[in-house]
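One letter stands for each residue in the lines below.
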Amino acid sequence: MTLRTPRLALQATAFALMAGTAFAAGLPLGITEVDNAGLPDVGEEWLTENPYRDGGAEVWTRAIEVGESAFTQNCARCHGLGAISGGLAPDLRMLEASDYDDEWFTERFINGATQDGITKMPAFGDVLSQKTAWAIRTYIETRPDDKAVTAESHALKELRDELTQWSKGEGTPDEAVMKAKLDEIAARIPTLSGAPIADSVAFHAAEQLNGTPESYASAAETLTVGLSVHE
Ligand code: HEC
């Protein structure tokens, strides 16, 4: 009896774990659906154009957030972190942000790619939702040109150091000037897709400023993390 009890407890734990991962277990190996709450529904039929591209700032921001998570979990191992291809698979940042390339995107997303009976890319159409597909599309098309970010990294580090000082109560915060400088740099960082706004670290940091020392700290953190991949 003394031996049985822990064993039963173990079995119960294993069962609870299995029940909790039943959804994940139903997906083919390596494919992960993400929490896409907060994105507008898109219905059953596949759309031919990204509905989140011009869906308003809130939808756009949420789509990038969901898209980043879904892309990192399902696509990055072949298409590269941040969609910067290492050469294994096409560089998706080059797809044009237009309905023409949206159709090509959904074609590949739904069906994957095979050559001579070999799967080069798995099909995602039955395992990830259409909402998640368009979130990934939005994330991809708003990636900044990494070379342009590298070119601005010196200027961005100076602003980061200033923000760090402000967050500690040092220096004389002038948020309007800081925001203008970040916006100016953000405007010099394009997408490769032709989408008008690149979700660069400069853009992101400028959006975070709200007059509080906490926002100076988080904007500085955004710049530090974002620039660490460009060193
Ligand atoms: C196992 C590796 C692998 C994974 C994982 C993968 N892909 Fe691919 N993908 C490829 C390869 C290889 C190609 C090129 C296929 C061809 O045309 O020969 C490709 C092509 C594409 C294309 C067409 C690009 C072009 O320029 O023609 C799109 C769009 C695409 N993938 C999107 C995705 C998305 C979105 C995900 C994640 C949900 C993903 N892929 C996951 C390997 C992968």
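Residues numbered from 1 in each chain as written. Predicted model: local features only at pLDDT ≥ 70, side-chain atom pairs only at ≥ 80, totals over all residues.

## Here we look at the pairing of strand E2 (residues 118–121)
Using the following cut-off: Whether two strands pair depends on DSSP finding at least two bridges between them. Here a strand is any run of E in DSSP of at least two residues, a helix any run of H or I of at least four, and the numbering for each starts at the N terminus.
Looking at chain direction, strand E1 (residues 113–115) and E2 are connected through three bridges and run antiparallel. By the bridge assignment for E2, Thr114 is matched with Thr119. The antiparallel pairing of E1 with E2 creates a hairpin that spans two residues between the two strands, and Asp116 there sits at a positive phi of about 50°.

## Observations concerning the site of the ligand
Filter applied, for reference: Here, nearness means that the C-beta atom of a residue, built from backbone geometry, sits within 6 Å of the molecule or strand in question. Residue classes follow a fixed rule: Ala, Val, Leu, Ile, Met, Phe, Trp, Tyr, Cys and Pro count as nonpolar, while Asp, Glu, Lys and Arg count as charged, and any other residue, Gly among them, counts as polar.
Taken together, 18 residues are adjacent to the ligand, and Cys75, Cys78, Ala89, Pro90 and Met121 come closest. Among the elements of the structure, helix H4 (76–79), helix H5 (99–111) and E2 are those that each provide at least two residues to the shell around the ligand. Classifying every residue of the shell around the ligand by side-chain character gives 13 nonpolar, two polar and three charged.

## What about the environment of Thr119?
How we decide: Exposure in this text rests on C-beta crowding, where 20 or more other C-beta atoms within 10 Å of a residue's own make it buried, 12 or fewer make it exposed, and counts in between make it partly exposed. The C-beta atoms are placed from the backbone. Placing C-beta atoms from the backbone, we regard two residues as in contact once those atoms come within 7 Å.
In this structure, Thr119 sits in strand E2. Residue classification places Thr119 among the exposed positions, given that 10 C-beta atoms sit within 10 Å. Every residue in contact with Thr119, bar those within four places of it in the chain, is listed here: Gly112 and Thr114.

## Some thoughts on helix H11 (residues 213–228)
For clarity, the threshold we go by: One less than the number of residues in a helix, times 1.5 Å, gives the span that helix is expected to have. Directions drawn from the helix axis to the C-beta atoms are what define this arc.
The first and last C-alpha atoms of H11 sit 23 Å apart over 16 residues, in line with the 22 Å expected at 1.5 Å per residue. Inspection of H11 places Tyr216, Ala219, Ala220, Thr222, Leu223 and Gly226 among the buried residues, and these make up the whole buried set. All buried residues of H11 project into a common sector of 155° when viewed along the axis, lining one side. Exposed and oriented more than 90 degrees from the buried face of H11 are Glu214, Val225 and Ser228. In this structure, the buried side of H11 is in contact with helix H8 (153–167) and helix H10 (201–208).

## Here's the deal with unusual backbone geometry
The phi dihedral of Ala83 is positive, around 65°, even though this residue is not glycine. Position of Ala83 among the secondary structure elements: in the loop between H4 and H5. Not every positive phi belongs to a glycine, and Asp116 is a case in point at roughly 50°. Following the sequence through the fold, Asp116 ends up in the loop between E1 and E2.

## A few points about the nonpolar core
Rules: Residues of type Ala, Val, Leu, Ile, Met, Phe, Trp, Tyr and Cys that are buried and joined through C-beta atoms within 7 Å form what is called a nonpolar core.
Counting residues in hydrophobic clusters, the biggest one holds 22 residues, and the most contacted among them are Ala63, Ala70, Phe71, Ala135, Ile136 and Ile140. Breaking this core down by element, the ones donating at least two residues are helix H3 (57–74), H5 and helix H6 (130–141). At six residues, the largest contribution of residues to this core is made by H6. Formed by 18 residues, the second largest nonpolar core is a distinct cluster that contains Leu159, Ala202, Ala206 and Ala219.

## Quick word on the packing of helix H9 (residues 175–187) against H10
In plain terms, the rule: Note on definitions: angles span 0 to 180 degrees between N-to-C directions of axes, and those axes are lines fitted to C-alpha atoms, for helices only across the stretch in contact. Roughly parallel means an angle under 35 degrees; roughly antiparallel, over 145; roughly perpendicular, 65 to 115; everything else is oblique. Take the far helix as your reference; a near helix turned counterclockwise from it by less than a right angle gives a left-handed crossing, and one turned clockwise gives a right-handed crossing.
With their axes 8 Å apart at the nearest point, H9 and H10 run at an angle of 155° to one another. Taken together, H9 and H10 sit at an angle that is classed as roughly antiparallel. The way H9 lies across H10 gives a crossing that is left-handed. Residues Lys179, Leu182, Asp183, Ile185 and Ala186 of H9 touch H10, and the partners they reach there are Ala202, Phe203, Ala205 and Ala206. When the residues that make up the contact of H9 with H10 are grouped by side-chain class, the tally is seven nonpolar, no polar and two charged.

## Regarding the environment of Glu207
Its place among the elements puts Glu207 in helix H10. The spatial distance from the C-alpha of Glu207 to the C-alpha of Leu182 is 9.4 Å, given a sequence separation of 25 residues.

## As for the confidence of the model for the protein chain
Where we set the bar: The quantity known as pLDDT measures the predictor's confidence residue by residue, on a range of 0 to 100.
Summarising the model, the protein chain shows a mean pLDDT of 89, and 86% of its residues fall at 70 or more. Every residue in residues 1–25 is under pLDDT 50, and counting partners more than four places away or in other chains gives zero contacts.

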